[in-house]
Amino acid sequence: MSRLRAGRLAFGLFFPVLATTTSLAQPVVRTADPIARGLKESDFPRTIKVADNVYTYEDFHAGAEKFTTTNMFVVTADGVLVADGQGSAAETKGLVDAIRTVTPQPIKYVVICSDHGDHTAGNASFPAGVTYILHPTAKAILERSPNGWKPPPSAMLVPDKHSLTLGGDTIDILFLGRAHTGGDLSVSLPRQKILFLSETFLNRVFPAMRSAYPSEWLKALDRAEAMKADLYIAGHGFTEQGPVSNEEIRAYHSALEAVIAEATRLHRAGVPVEDAVKQANWGKYASWTLASSQGPIAIRRVYAELNGQLK
Ligand SMILES: [Zn+2]
């Protein structure tokens, strides 16, 4: 178990560093809301050390309701691999700068685990010459988006699985199935037993389904949990300590099941979609971050799947 301690690194920036070996567990409030968690807005962005050479970087998602977009980076003797960027050039520059304060090693790979703009729109701030890694579906979506960042022709496509060796570390890029976007990738570190799930795992954030494949998402979570990682890292919501992250991926899985079940109940009862949006009872998940905006979207998406409209 570990506890949060504060450390000062180069350039006077304040870094919370999560020590992974200390014995005092600090209980955390299980929420994506920074204030409810006991944090201040000025605590962000922040870098958290989760293993010897593995870090997460959390900055706020755009919008009034505060929650984090979380990236992972792996530092090796032969360069850095980054999983996901932030939502604007300035925010992703913040990520790049944070990596520079941790290591002089260059960023060699950027894995696009979610093609959504809140994880890709700042990609122009990554150094020229990095190799992007993404799923073919994500590539097609990014190329179609009118104003978004577009992957270069040199991008490496991973339709299923690709294993990299970087500085002696094995890094597995995995497609666990269609989940939040259709082209979701995950990054597994077998030695450290860490699995970065990007938006396949939303930590205490209401299941966001605008482009999701609801029932396939459940199967992707089954696969993720079957890997028995010590630490699961979510693409939104806070970085947790390992045991808490194991409980929270379970909790997220239950939330996704409950949301699909509620939409399915209304669909089976013949409730028209616009009425279902108003009638849905999300129970305890109504208090999760984004419930009010994402609830109606979830109803529409599950209805679409049940109507055979998702391909
Ligand atoms: Zn997102």
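Residues numbered from 1 in each chain as written. Predicted model: local features only at pLDDT ≥ 70, side-chain atom pairs only at ≥ 80, totals over all residues. Heavy atoms only, no water.

1. Section: the coordination of the zinc ion
- Within the protein, the atoms that donate to the zinc ion are Asp118 (OD), His119 (NE2), Glu199 (OE) and His236 (NE2), at distances of 2.0 to 2.2 Å.
- Classification of the site at the zinc ion as irregular follows from its four donor atoms and the range of 87 to 164 degrees in their angles at the metal.
- Considered as a linear motif, the donors of the zinc ion on their single chain read D-H-x79-E-x36-H. Here histidine 119, found in helix α2 (residues 117-120), pairs with glutamate 199, found in the loop between β13 (194-196) and α4 (214-226); they are 80 residues apart in sequence, far enough to count as distant. With respect to burial, histidine 119 and glutamate 199 carry one shared label: buried. (Donors = N, O, S within 2.8 Å, 3.2 Å for Na, K, Ca; no water. Tetrahedral: all angles 85-135°; square planar, octahedral: opposite > 155°, others 65-115°. Helix = DSSP H or I, 4+ residues; strand = E, 2+ residues; numbered from the N terminus. Buried < 20%, exposed > 50% of the residue type's maximum accessible area, 1.4 Å probe, protein only.)

2. Focus: the side chain of threonine 92
- For threonine 92, the position within the fold is in helix α1 (residues 89-102).
- Look at threonine 92 and you get buried, because its relative accessible area is 0%.
- Apart from the residues within four sequence positions on either side, threonine 92 is in contact with Gly85, Gln86, Gly87, Gly122, Asn123, Ser125 and Phe126. (Contact = heavy atoms within 4.5 Å.)

3. Observations concerning the packing of α4 against helix α5 (residues 242-268)
- Two numbers describe how α4 lies on α5: the axes approach to 10 Å, and their chain directions differ by 160 degrees. Our classification of the angle between α4 and α5 gives roughly antiparallel. Of the two elements, α4 crosses α5, and the hand of that crossing is left-handed. Along its contact with α4, which presents Pro214, Ser215, Trp217, Leu218, Leu221, Asp222, Ala224 and Glu225, the element α5 presents Ile249, Arg250, Tyr252, His253, Leu256, Glu257 and Ile260.
- Grouping the amino acids of the contact of α4 with α5 by side-chain chemistry returns nine nonpolar, two polar and four charged. (Axes fitted to C-alpha atoms, helices over the stretch in contact; angles between N-to-C directions. Parallel < 35°, antiparallel > 145°, perpendicular 65-115°, else oblique. Left-handed = near helix turned anticlockwise from the far one by under 90°. Nonpolar A, V, L, I, M, F, W, Y, C, P; charged D, E, K, R; others polar.)

4. Examining helix α7 (residues 291-306)
- Here α7 contains 16 residues, and its C-alpha end-to-end distance of 21 Å stays within 8% of the 22 Å for a straight helix at 1.5 Å per residue.
- Residues Ala291, Gln294, Gly295, Pro296, Ala298, Ile299, Arg301, Val302, Tyr303 and Ala304 constitute the buried set of α7.
- Looking at the buried residues of α7, the elements they touch are α4, α5 and α6 (273-279).
- Among the residues trailing α7, glycine 308 stands out with phi positive, at a value near 75 degrees. (Expected span 1.5 Å × (residues − 1).)

5. Let's talk about the packing of α5 against α7
- Between α5 and α7, the shortest axis-to-axis distance is 9 Å and the interhelical angle comes to 65 degrees. Seen along the crossing, α5 lies across α7 with a hand that is right-handed. On α7, the residues touching Val259, Ile260, Ala263, Thr264, Leu266 and His267 of α5 are Ala298, Ile299, Val302, Tyr303 and Leu306.
- Looking at the contact of α5 with α7 residue by residue, the class counts come to nine nonpolar, two polar and no charged.

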